[in-house]
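Observations on the model geometry
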Amino acid sequence: MQRISVTPRSDWKKIVESQGLLFHHDPQGNQYWDEGAYYRFTGRQIDVLEDATNKVQALCLEAVQFVIDHDRFADLCIPEEAAEVIMDAWEQEPPAIYGRFDFAYDGINPPKLLEYNADTPTSLLEASVIQWFWLQSVFPEADQFNSIHERLVAKWKELKKYLIPRGPLYFMHLDEMEDLMTVSYLRETAQQAGIPTKGLLLGDVGWNGSEFVDLEGYRIRSAFKLYPWEWILGEDFGPQVLSEYRSMQWIEPIWKMLLSNKGILPILWELNGGHENLLEAYADGPRGMDEYVRKPLLSREGANVKVVSSATVQESGGDYGEEGYIYQKYFNVPSFEGNRPILGCWVIDGEAAGMGIRETRGLITDNMARFIPHIFFNSLLL
């Protein structure tokens, strides 16, 4: 595993914008898409990452069943009224499209799971499309851990007959550039599979007293929402969502909120202590760990995370923490000249499908982290 500097394409901004990546700089002007470097892997290392992704996915599904069987919802601050809906949704096995595991990996030792965004992961367009076209332009002789697009279209095709009788599939999101980018791309993959779609801002979703409707008053029967389930349940319309859950098709399904909750990390360790791809984690404190990371159950983009290591103590700000914390063993993410990569390994329809890498110069990966493309060569080409 290497980080290699390279000269960016002279017209890279124009290129990535034409491919849909309008969020190549954040609102403060900091560069997000960064092709001034790339990470290089061997085919064996990619096999290791793919295997780890599939193994941890299987462990996560077992953990969901454990939470349900042993009524551990309170450990994840799941309200009682939502637990019944989650159990029912789990038994019905509704469509689950995607998720992203965040791993720490040095190319030598087994990848270590940091967390799982199973409900509303972003950085999908750049992982699936933007870095793939970069590869074709810059390193056409190389390969990339990336079958995301093909797998997404294939999954939508599988769901086509299931969704179409329920009307168009609505894609709902907040009025933010990054969310619009992710939803627009997912919507395009659904349309490529032949599914009729409609876009809808979450603020424009209506309730007519008995069902959710769009701006024209048409009933919403199937919806993809890029909005966390815990936020939905906290809204004024949360009770209506729960009461009418069975009358709609939600993507992602509500049971995904168990896996996006960092409270699942101690449960994974409880069930699989010592697993090579997991880090020690507890819900009731660091339990004697000298080095650990304290994470709020529901935090996003590195908010309110505290890192305690032998070298330093760092803490990020934010609005999370009242819901409680978990304590995960500190793992020293490898540094490449001060850059620390987190490997986001994507799962499509329950199987490993690709990778996107974000890096930062600090110990906490937040919304300022840069996206860096990657390549790999099979051993015969090295």
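Residues numbered from 1 in each chain as written. Predicted model: local features only at pLDDT ≥ 70, side-chain atom pairs only at ≥ 80, totals over all residues. Heavy atoms only, no water.

**Brief notes about the overall build of the protein**
Looking only at helices and strands, the protein has 10 helices and 19 strands in total. Relative to a compact globule of 382 residues, whose C-alpha radius of gyration would be 21 Å, the protein shows 21 Å and is just as compact. Along the first, second and third principal axes, the C-alpha set of the protein runs to 60 × 50 × 40 Å. Looking at the protein residue by residue over its 382 residues, the buried ones come to 55%. (Helix = DSSP H or I, 4+ residues; strand = E, 2+ residues; numbered from the N terminus. Rg over C-alpha atoms; globule rule 2.2 N^0.38 Å. Buried < 20%, exposed > 50% of the residue type's maximum accessible area, 1.4 Å probe, protein only.)

**Looking at the nonpolar core**
Counting 76 residues, the largest nonpolar core has Phe41, Leu49, Ile254, Leu268 and Met355 as the members making the most contacts within it. Examining the composition of this core, we find that 11 residues originate from one element, helix α2 (residues 43–69), more than from any other. The contacts of Phe41, once residues within four sequence positions are left out, are Met1, Ile46, Leu49, Tyr105, Leu343, Met355, Ile357, His374, Ile375, Phe376 and Phe377. By size, the runner-up hydrophobic cluster in this structure holds 42 residues, among which are Ile148, Val153, Leu226 and Ile375. (Core = buried A, V, L, I, M, F, W, Y, C linked by side-chain atoms within 4.5 Å. Contact = heavy atoms within 4.5 Å.)

**A few points about the sheet that holds strand β11 (residues 281–282)**
Taken together, 5 strands build an open sheet; the order of strands is β11-β15-β12-β13-β14 and the sheet is antiparallel. Single-partner strands in this sheet number two, and they are β11 and β14 (313–315). For strand β12 (residues 292–296) and strand β15 (residues 325–329), the ladder comprises 5 bridges, and the chain directions are antiparallel. If you follow Val293 over to β15, its bridge partner there is Gln328. (Pairing = 2+ DSSP bridges.)

**Section: helix α3 (residues 80–92)**
Taking 1.5 Å of rise per residue, 13 residues should cover 18 Å, and α3 covers 19 Å from first to last C-alpha, within 8% of that figure. Of the positions making up α3, those classed as buried are Ala82, Ala83, Val85, Ile86, Ala89 and Trp90. (Expected span 1.5 Å × (residues − 1).)

**Describing the environment of Tyr162**
In this fold, Tyr162 is placed in helix α5 (residues 148–163). Residue classification places Tyr162 among the partly exposed residues on the basis of a relative accessible area of 45%. If we ignore the near neighbours within four places in the chain, the residues touching Tyr162 are Pro95 and Gln249. In this structure the side chain of Tyr162 is engaged in a polar contact, spanning 2.8 Å, whose partner is the side chain of Gln249. (Polar contact = N/O pair within 3.5 Å; in protein donor to acceptor, adjacent residues only side chain to side chain.)

**Observations regarding the pairing of strand β16 (residues 340–348)**
The element β16 is extensively covered by neighbouring structure, given that 9 of its 9 residues are classed as buried. Residues Arg340, Ile342, Gly344, Trp346 and Ile348 point to one face of β16 and Pro341, Leu343, Cys345 and Val347 to the other, with burial holding for every one of them. Relative to strand β17 (residues 351–360), β16 is paired through 9 bridges, and the arrangement is antiparallel. Along β17, the bridge assignment pairs Ile342 with Arg358. As consecutive antiparallel partners, β16 and β17 are separated by 2 residues, and within that stretch Asp349 has a phi angle of approximately 55°, a positive value.

**Considerations on the pattern of salt bridges**
For the coordinates displayed, the defined rule picks out 22 salt bridges. Salt-bridge contacts for Lys55 lead to Asp51; the nearest nitrogen and oxygen are separated by 3.1 Å. With Lys55 and Asp51 both in helix α2, this residue pair falls 4 residues apart, about one helical turn. In this structure, the salt-bridge partner of Glu216 is Lys198, at a minimum N-O distance of 3.3 Å. Within this pair, whereas Glu216 is found in the loop between β8 (212–213) and β9 (222–225), its partner Lys198 is found in strand β6 (residues 197–201), the two being separated by 18 residues in sequence. Lys198 gets classed as partly exposed once you look at its relative accessible area, which sits at 26%. (Salt bridge = Lys/Arg side-chain N within 4 Å of Asp/Glu carboxyl O.)

**Considerations on the side chain of Lys256**
Relative to the helices and strands, Lys256 is located in helix α9 (residues 256–260). A polar atom in the side chain of Lys256 sits 2.6 Å from the side chain of Glu252. Discounting chain neighbours no more than four positions away, the residues touching Lys256 are Ala96, Tyr98, Ala118 and Asp119.

**Structural notes on the sheet that holds strand β5 (residues 169–173)**
Ordered in space as β6-β5-β9-β10, the 4 strands form an open sheet in which the pairing is parallel. Each edge of the open sheet carries a strand with a single partner, namely β6 and β10 (249–251). The sheet shows a mean angle of 25° between the axes of neighbouring strands, taken without regard to direction. The pairing of β9 with β10 spans 3 bridges and is classified as parallel. Paired with Ser222 across the strands is Gln249, a residue of β10. Across the sheet, α5 is in contact with β5, β9 and β10; its angle to β10 comes to roughly 160°. Packed on one face of the sheet, helix α6 (residues 177–192) meets β5, β6 and β9 and runs near 170° to β5. (Axes fitted to C-alpha atoms, helices over the stretch in contact; angles between N-to-C directions.)

**Considerations on unusual backbone geometry**
Note that the residue after Ile251, namely Glu252, is joined by a cis bond; omega there is 5°. With respect to the element layout, Glu252 can be found in the loop between β10 and α9. The backbone of Ser123 shows a phi angle near 65°, a positive value even though the residue is not glycine. With respect to the helices and strands, Ser123 occurs in the loop between β4 (112–117) and α4 (124–138).

**Quick word on the packing of aromatic side chains**
Aromatic ring pairs are defined here through the distance separating the ring centres and the angle between the ring planes. Taken as a whole and judged by the stated rule, the model has 20 aromatic pairs. Here the aromatic rings of Phe23 and Tyr32 are separated by 5.5 Å at their centres, their planes lie at 55°, and the arrangement is tilted. Of the two residues, Phe23 and Tyr32, neither departs from the other in class, the shared state being buried. Arranged with centres 5.9 Å apart and planes meeting at 50°, the rings of Tyr38 and Trp134 form a pair that is tilted. (Phe/Tyr/Trp six-rings, centres within 6.5 Å; stacked < 30°, edge-to-face > 60°.)

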